[in-house]
Amino acid sequence: MRNIFTKLCVAAAIGAAALVTAPAAHAAGVTAADTHPELATFTTAPAGEVSIQAAGDGTPAGAIQWYKNHLGSTGWQGLCEKAAENSYGVTGVWASANAHWNGASPKHTTGTPPAGSFVYWNISAYGHVGIADGSGGFYATSVGGAIGHGSSVSYFNNYRGWTPAAVPHQ
C-alpha cells in the first residue's frame, strides 16, 4: 500500500510540474529598437510576494500575481498574448495581441491604466500586450528578454492604449 501511495505522489508531482512549465519559446518579434531599457526594472519576485493562490484566478490582482510569479521566465518569449491570457486563467482566446486590441472594448488611449488592465503596443507583426500594474507601469514578456516589469508604458515604442481588466473572451 505504501509503495502505491509513493507512486501516486510521484505521478502527481510530475503532473503538477508539467502544468506549471512554461510553453516552448518562439521567435520574439520584439527587438531592442522597440524598447527603452532605462524604463525597465529587472527584479525577481521577493520571497514573500510569490503566491499561487491568487495567480491566474480571473481577477486583476491574480493576473498581476501571475506575472510576479513568472518574473525572469523566458518561456513565453513570442507568446505575449498567451501570457496575458494565462495570467487570467484562460488560453486560446485571441490569436495575437493585435487581434485582442482590435476585438476588445472599450479602448482607452489616455490615462493611467488601472491595475490588471491590458496594455498594448503596435510593435512586431502581431503587436504586443501586457498587464498594467496600476501605477503607470506594466508586466509583460520581452522586458529585457524575459517576463519583467516596465516602470512606464513608454518602455516599448508605439503605445496603443489599454482595455479594462477582465477575463479575456470574444
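Here the structure is a predicted model, which means the values were calculated and not measured. (Residues numbered from 1 in each chain as written. Predicted model: local features only at pLDDT ≥ 70, side-chain atom pairs only at ≥ 80, totals over all residues. Heavy atoms only, no water.)

1. A closer look at the overall build of the protein
Broken down by element type, the protein carries four helices and six strands. Each helix (α) and strand (β) of the protein, taken in turn from the N terminus, gives the series α-β-α-α-α-β-β-β-β-β. The buried share among the 170 residues of the protein stands at 41%. Accessible surface computed for the protein: about 8,500 Å², of which carbon and sulfur atoms make up 60%. (Helix = DSSP H or I, 4+ residues; strand = E, 2+ residues; numbered from the N terminus. Buried < 20%, exposed > 50% of the residue type's maximum accessible area, 1.4 Å probe, protein only. Areas by Shrake-Rupley, 256 points an atom, 1.4 Å probe, with all protein chains shown as cover.)

2. Some words on the packing of aromatic side chains
If you walk through the whole model with that rule in mind, you get 11 aromatic pairs. Where Tyr-88 meets Phe-118, the ring centres are 5.4 Å apart and the plane angle is 40°; that geometry is what we call tilted. Pair noted here: Tyr-88 is in the loop between helix H3 (80-87) and helix H4 (97-103) and Phe-118 is in strand S2 (residues 118-121), with a separation of 30 residues, a long-range link. Taking the centre distance of 4.7 Å and the plane angle of 85° together, the rings of Tyr-155 and Phe-156 count as edge-to-face. (Phe/Tyr/Trp six-rings, centres within 6.5 Å; stacked < 30°, edge-to-face > 60°.)

3. Topic: the nonpolar core
By size, the foremost hydrophobic cluster in this structure holds 20 residues, and its most contacted members are Trp-66, Tyr-67, Trp-76, Phe-118, Tyr-120, Val-129 and Ile-131. Looking at this core, the elements that each hand over two or more residues are helix H2 (60-69), H3, H4, S2 and strand S3 (128-132). Of the residues forming this core, the biggest block, four residues, is contributed by H2. Those residues in contact with Val-129, other than ones at most four positions away along the chain, are Cys-80, Glu-81, Ala-84, Ala-97, Phe-118, Val-119, Tyr-120, Trp-121 and Ala-140. (Core = buried A, V, L, I, M, F, W, Y, C linked by side-chain atoms within 4.5 Å. Contact = heavy atoms within 4.5 Å.)

4. Quick word on H2
Residues of H2 that are buried: Gly-62, Ala-63, Ile-64, Gln-65, Trp-66 and Tyr-67. On its buried side, H2 packs onto H3, S3, strand S4 (138-143) and strand S5 (146-150).

5. Thoughts on the confidence of the model for the protein
The predicted model of the protein averages 81 in pLDDT, with 70% of residues at 70 or higher. Long-range and interchain partners of residues 4-28, a stretch whose pLDDT sits below 50, account for 19 contacts in this model, where long-range means more than four residues apart. The model gives residues 44-51 a pLDDT under 50, and that stretch makes 11 contacts with residues more than four places away or in other chains. (pLDDT = per-residue confidence, 0-100.)

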